[in-house]
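As a plain string of letters, each chain reads:
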Amino acid sequence: QVQLVESGGGLVQPGGSLRLSCAASGSIASINDMGWHRQAPGKERELVAAVFSRSITRYADSVKGRFTISRDNAKNTVYLQMNSLKPEDTAVYYCNANLGSNVYWGQGTQVTVSS
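All of the points below concern the structure found in this document.

### Structural notes on the overall build of the protein
- The secondary structure content of the protein amounts to 0 helices and 11 strands.
- Start at the N end of the protein and walk to the C end: the helices and strands fall as β-β-β-β-β-β-β-β-β-β-β.
- Expected size for 115 residues packed as a compact globule is a radius of gyration near 13 Å; at 13 Å, the protein falls within 12% of this value.
- Its C-alpha atoms put the protein at 40 × 25 × 20 Å along the principal axes.
- Every one of the 115 residues in the protein was classed for burial, and the buried ones make up 43%.
- In the structure as shown, the protein presents an accessible area of about 6,200 Å², 46% of it carried by carbon and sulfur atoms.
- Of the charged side chains in the protein, 11 are positive and 8 negative; the average position of the first set lies 4 Å away from that of the second.

### Here's the deal with the packing of aromatic side chains
- A full pass over the atoms with the stated rule returns 0 aromatic pairs.
- Here the basic side chain of Arg45 rests over the ring of Trp105, its NZ or CZ set 4.6 Å away from the ring centre.

### Let's talk about the nonpolar core
- If you look at the biggest cluster of nonpolar residues, it comprises 31 residues, and the most contacted ones within it are Leu4, Met34, Trp36, Leu80, Met82 and Tyr93.
- For this core, the elements supplying multiple residues, two or more each, are strand 1 (2–7), strand 3 (18–26), strand 4 (33–39), strand 5 (46–51), strand 7 (67–72), strand 8 (77–82), strand 9 (91–99) and strand 11 (109–113).
- Beyond its immediate sequence surroundings of up to four residues, Met82 is in contact with Gly16, Ser17, Leu18, Leu20, Arg66, Phe67, Tyr93 and Val111.

Definitions and limits used
Residues numbered from 1 in each chain as written. Predicted model: local features only at pLDDT ≥ 70, side-chain atom pairs only at ≥ 80, totals over all residues. Heavy atoms only, no water. Helix = DSSP H or I, 4+ residues; strand = E, 2+ residues; numbered from the N terminus. Rg over C-alpha atoms; globule rule 2.2 N^0.38 Å. Buried < 20%, exposed > 50% of the residue type's maximum accessible area, 1.4 Å probe, protein only. Areas by Shrake-Rupley, 256 points an atom, 1.4 Å probe, with all protein chains shown as cover. Lys, Arg positive; Asp, Glu negative; His and termini not counted. Charge placed at Lys NZ, Arg CZ, Asp CG, Glu CD. Phe/Tyr/Trp six-rings, centres within 6.5 Å; stacked < 30°, edge-to-face > 60°. Lys NZ or Arg CZ within 6 Å of the ring centre and 35° of its normal. Core = buried A, V, L, I, M, F, W, Y, C linked by side-chain atoms within 4.5 Å. Contact = heavy atoms within 4.5 Å.

This is the structure:
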């Protein structure tokens, strides 16, 4: 079992920045990869960014060059640095961790980009 707790969401103006954090606890030694997804009202949940072993990363085309995912193994935490935010980035952001065939999710944190 893995527990994930997100933090760092909020209201920001277009062009602003936020950093999301996801702290993992439990069977963290078995985590294969971690990532961030988001879900906007009326839309399906989509992958935003993921970090795999050896710090290999993957990003959605819509956030490339603006978002950066990183993982601090000593703190069992994964971060999502979001810069140059746009109104279309507004969504609930969910952290996930994959252990074999099991996927664990955090409770989500709201990000709202609006003037």
